[in-house]
Amino acid sequence: MARKIRFTPEGGALYEVTCRTVHSRFLLRPGPLLNEIIVGALGRAQRLFPLEICAFFFASGHFHLLVRVEDSERLARFMGYFNSKLAREVARSTGWRDKVFSRRYQAILVSDEEETQVGRLVYILSHGCKENLVARRAVPSQDRRVDRGDHRQAAARRAAIRIEPLGAAAILRQHPFSQPAKTKKSPAPLVHAACKRVRTEMKIAYAWFARAFREAAESLRAGDRLDRFPRGSFPPGLPFVRAGRLAALG
């Protein structure tokens, strides 16, 4: 399946970023050393390529970030540095000799609706419960927007299928090279939005952007270097388009 063309609306956007280890192996198994490596790599990447990190969650085989960026280039540079740094450190600490991540990160737009943004924050903060890793996650009592109902829902689901949370001790006993018997796979949406109108508007904006990009790419392949790529795009083999549209590629 072809990758989606990287697209950020004018003025920047909030993204939920996900990245999975190769074969979903437990290469990101938590521990004092790896936890320090992750926080350090995130901090270093943020200093080099400033963006707002709103939340993050790391499981043994994948991670989620909630970040606000000004454009697609900033996100690409941040994630390129972070994933490269993290992969090198994971390989060094575990002895893994193959690639660490199965493919490029996946970034899903999050609309400006408060309901949607709080919903994605709750999803990330409650991910350990949803994955049956822990029974609950501590959330500051003063932050009433983060509903603890997800913890109760996770507990009810575990009770229905009669399983217990894996727990920290069992997680730490897992070998980093191990992998789950089954990996969840589902199509990622283009955008997270609560309102159908907002979702439709963002899909239309992306469709226009993708069409303009593909038309310019076709012209470029045909030898026409005077066609123009849309603002905020990555022309093949050419610099990121920052302002306006490319005046000429020659």
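Residues numbered from 1 in each chain as written. Predicted model: local features only at pLDDT ≥ 70, side-chain atom pairs only at ≥ 80, totals over all residues. Heavy atoms only, no water.

Turning our attention to the overall build of the protein. When its secondary structure is counted, the protein shows seven helices and five strands. For the protein, the succession of helices and strands along the chain, N to C, is β-α-β-β-α-β-α-α-α-α-β-α. Buried residues in the protein amount to 43% of all 250 residues. For the protein, the share of sequence-separated contacts (at least 6 apart) that also reach a separation of at least 24 residues comes to 68%. For the protein, the computed accessible surface area is about 14600 Å², with 53% contributed by carbon and sulfur atoms. (Helix = DSSP H or I, 4+ residues; strand = E, 2+ residues; numbered from the N terminus. Buried < 20%, exposed > 50% of the residue type's maximum accessible area, 1.4 Å probe, protein only. Contact = heavy atoms within 4.5 Å. Areas by Shrake-Rupley, 256 points an atom, 1.4 Å probe, with all protein chains shown as cover.)

With that settled, the discussion passes to a positive patch on the surface. A contiguous patch of positive charge on the surface is contributed by R3, R20, R103 and K185. With respect to the helices, strands and loops of the structure, R3 is situated in the segment before β1 (13-20). (Patch = residues over 30% accessible without salt bridge, like charges linked within 9 Å, V, L, I, M, F, W, Y side chains within 5 Å. Salt bridge = Lys/Arg side-chain N within 4 Å of Asp/Glu carboxyl O. Lys, Arg positive; Asp, Glu negative; His and termini not counted. Charge placed at Lys NZ, Arg CZ, Asp CG, Glu CD.)

Counting 48 residues, the largest nonpolar core has F58, F63, L65 and L86 as its most contacted members. Elements supplying a minimum of two residues to this core: β1, α1 (32-48), β3 (62-69), α2 (72-94) and α7 (196-221). Considering every element that reaches this core, the biggest residue donor is α7, with nine residues. Setting aside residues up to four positions removed in sequence, F58 forms contacts with L28, I38, L42, F63, L65, F82 and L86. Listed in part, the nine residues of the second largest apolar core include L14, A55, F57 and A59. (Core = buried A, V, L, I, M, F, W, Y, C linked by side-chain atoms within 4.5 Å.)

Let us now look at the pattern of salt bridges. Taken as a whole and judged by the stated rule, the model has eleven salt bridges. Between R242 and D71 there is a salt bridge, with its nearest N and O atoms 3.7 Å apart. Placement of R242 in the segment after α7 and of D71 in the loop between β3 and α2 is noted, with a sequence separation of 171 residues between them. With a relative accessible area of 51%, R242 lands in the exposed category. D71 gets classed as buried once you look at its relative accessible area, which sits at 13%. A salt bridge links E218 to R221, with the nearest nitrogen and oxygen atoms 2.5 Å apart.

This part takes up the environment of R88. With respect to the helices and strands, R88 occurs in helix α2. Overall, the relative accessible area of 44% leaves R88 in the partly exposed class. Taking C-alpha positions, R88 is 8.5 Å from V100, a pair spaced twelve residues apart along the chain.

As a further point, take the sheet that holds β1. An order of β2-β3-β1-β4-β5 is seen for the five strands of this open sheet, with the pairing classed as mixed. A strand with exactly one partner marks an edge of an open sheet, and here the two such strands are β2 (52-58) and β5 (191-192). In the sheet, strand β4 (residues 106-110) pairs with β5 via two bridges, with the strands oriented parallel. Looking at the pairing, L109 lines up with V191 of β5. (Pairing = 2+ DSSP bridges.)

In this section: the pairing of β1. For a regular strand, side-chain orientation follows a simple rule: the groups alternate between the two sheet faces. The buried count for β1 comes to seven of eight residues, which makes it a mostly enclosed element. Bridging between β1 and β3 involves eight bridges; their strand directions are antiparallel. Looking across to β3, one finds that V17 is bridged to L65. Where β1 meets β4, five bridges bridge the pair, whose relative direction is antiparallel. Along β4, the bridge assignment pairs V17 with A107.

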